[in-house]
Amino acid sequence: MEATRWSDLGTGARAFRLAHTAFAIVQMAALAYVWFCALTRQRDRVLVASAAALLTEAVALGIGRGDCPFGPMQAELGDPVPLFEFVLPERAAKAAIPILFMVAVAGLVAVLLRPPQRRPGG
């Protein structure tokens, strides 16, 4: 699908694209933080928030049957190109959601299987 140029988008489509991009960045940061905590055995409120963000995203993707549930609204605003297709070829963009889902599940499982280490003297 050919990308719609920024200059061709209306105000609503531009705002939506910016918000969607910001949301995707937050989700990727949450995924990275879950893995950081799994590897370092760190536990804190940011981990809880990150896990909640990833679980919320999983529910949203479930509602959209694997596609972003905001896709139809994005298209109505005049921006029919899925977000991942701005940075990946179409085939890779379609594979990104299930791959990221598996990486998120693995990270959350790793957090559960690697409890925090006890500190010496604590």
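Scroll up to find the structure this text is about.
Residues numbered from 1 in each chain as written. Predicted model: local features only at pLDDT ≥ 70, side-chain atom pairs only at ≥ 80, totals over all residues. Heavy atoms only, no water.

Observations concerning the overall build of the protein
Now for step 1: A tally of helices and strands in the protein yields four helices and zero strands.
Now for step 2: Along the protein, helices and strands appear, N-terminal first, in the series α-α-α-α.
Now for step 3: What you see for the protein is a C-alpha radius of gyration of 17 Å, clearly larger than the 14 Å of a compact globule of 122 residues, by over 25%.
Now for step 4: Once the C-alpha set of the protein is aligned to its principal axes, its extents read approximately 65 × 25 × 25 Å.
Now for step 5: Relative to its full complement of 122 residues, the protein shows a buried share of 24%.
Now for step 6: A sequence separation of at least 24 residues applies to 65% of the contacts in the protein between residues at least 6 apart.
Now for step 7: Here the protein has roughly 8300 Å² of accessible surface; of this, 68% comes from carbon and sulfur atoms.
Now for step 8: Positive and negative charge centroids in the protein, built from 12 and 9 side chains respectively, lie 17 Å apart. (Helix = DSSP H or I, 4+ residues; strand = E, 2+ residues; numbered from the N terminus. Rg over C-alpha atoms; globule rule 2.2 N^0.38 Å. Buried < 20%, exposed > 50% of the residue type's maximum accessible area, 1.4 Å probe, protein only. Contact = heavy atoms within 4.5 Å. Areas by Shrake-Rupley, 256 points an atom, 1.4 Å probe, with all protein chains shown as cover. Lys, Arg positive; Asp, Glu negative; His and termini not counted. Charge placed at Lys NZ, Arg CZ, Asp CG, Glu CD.)

Some details on the pattern of salt bridges
It is possible for side chains of opposite charge to pair when their charged atoms get near one another.
Now for step 1: As enumerated under the stated definition, the model contains two salt bridges in all.
Now for step 2: Measuring nitrogen to oxygen at the nearest pair gives 3.9 Å for the salt bridge that ties Lys94 to Glu90. Residue Lys94 and its partner Glu90 are located together in helix α4 (residues 90-113), separated by four residues, close to a single helical turn.
Now for step 3: A relative accessible area of 55% places Lys94 in the exposed class.
Now for step 4: Of the residues examined, Glu90 reaches a relative accessible area of 39% and is grouped as partly exposed. (Salt bridge = Lys/Arg side-chain N within 4 Å of Asp/Glu carboxyl O.)

Here's the deal with helix α2 (residues 45-63)
Now for step 1: Taking 1.5 Å as the rise per residue, α2 with 19 residues should run 27 Å; its terminal C-alpha atoms sit 27 Å apart, in good agreement.
Now for step 2: Buried residues of α2: Leu47, Ser50, Ala51, Leu54 and Leu61, and no others. Taken down its axis, α2 places every buried residue within 95 degrees of arc, on the same side. The exposed residues of α2 that point more than 90 degrees off its buried face are Arg45, Val48, Thr56, Val59 and Ile63.
Now for step 3: Tucked inside the fold, the buried residues of α2 contact α1 (11-40) and α4.
Now for step 4: Sitting at the head of α2, Asp44 places a side-chain oxygen 3.2 Å from the backbone nitrogen of Val46.
Now for step 5: Two residues or fewer past α2, Arg65 is found with a positive phi of approximately 55 degrees. (Expected span 1.5 Å × (residues − 1). Arc of directions from axis to C-beta. Polar contact = N/O pair within 3.5 Å; in protein donor to acceptor, adjacent residues only side chain to side chain.)

Some thoughts on a nonpolar patch on the surface
Now for step 1: A surface patch of nonpolar side chains, about 630 Å² in accessible area, is lined by Ile99, Phe101, Met102, Val103, Val105, Val109 and Leu113.
Now for step 2: Its location among the elements puts Phe101 in helix α4. (Patch = residues over 30% accessible without salt bridge, like charges linked within 9 Å, V, L, I, M, F, W, Y side chains within 5 Å.)

Re the packing of α1 against α4
Now for step 1: Their axes nearest at 8 Å, the elements α1 and α4 cross at an angle of 35 degrees. When you trace α1 past α4, the crossing you get is left-handed. Between α1 and α4, the contacting residues are Met28, Leu31, Val34, Trp35, Cys37 and Ala38 on the first element and Leu100, Val103, Ala104, Ala106, Gly107, Leu108, Ala110 and Val111 on the second.
Now for step 2: Across the contact of α1 with α4, the residue classes tally to 13 nonpolar, one polar and no charged. (Axes fitted to C-alpha atoms, helices over the stretch in contact; angles between N-to-C directions. Left-handed = near helix turned anticlockwise from the far one by under 90°. Nonpolar A, V, L, I, M, F, W, Y, C, P; charged D, E, K, R; others polar.)

Points about the packing of aromatic side chains
Two aromatic rings, taken as a pair, are described by how far apart their centres are and by the angle between their planes.
Now for step 1: In total, this model carries two aromatic pairs according to the counting rule given.
Now for step 2: With centroids separated by 6.2 Å and ring planes inclined at 75 degrees, the aromatic side chains of Phe16 and Phe70 adopt a geometry described as edge-to-face. Here Phe70 lies in the loop between α2 and α3 (71-76) and Phe16 lies in helix α1, a separation of 54 residues in the sequence.
Now for step 3: Between the aromatic rings of Tyr33 and Phe36, the centroid separation amounts to 5.7 Å while the plane-to-plane angle is 35 degrees, which identifies the pairing as tilted. One end of the pair is Tyr33 and the other is Phe36, both in helix α1 and three residues apart, which spans about a single turn.
Now for step 4: Take Phe36: its relative accessible area is 38%, and that puts it in the partly exposed class. (Phe/Tyr/Trp six-rings, centres within 6.5 Å; stacked < 30°, edge-to-face > 60°.)

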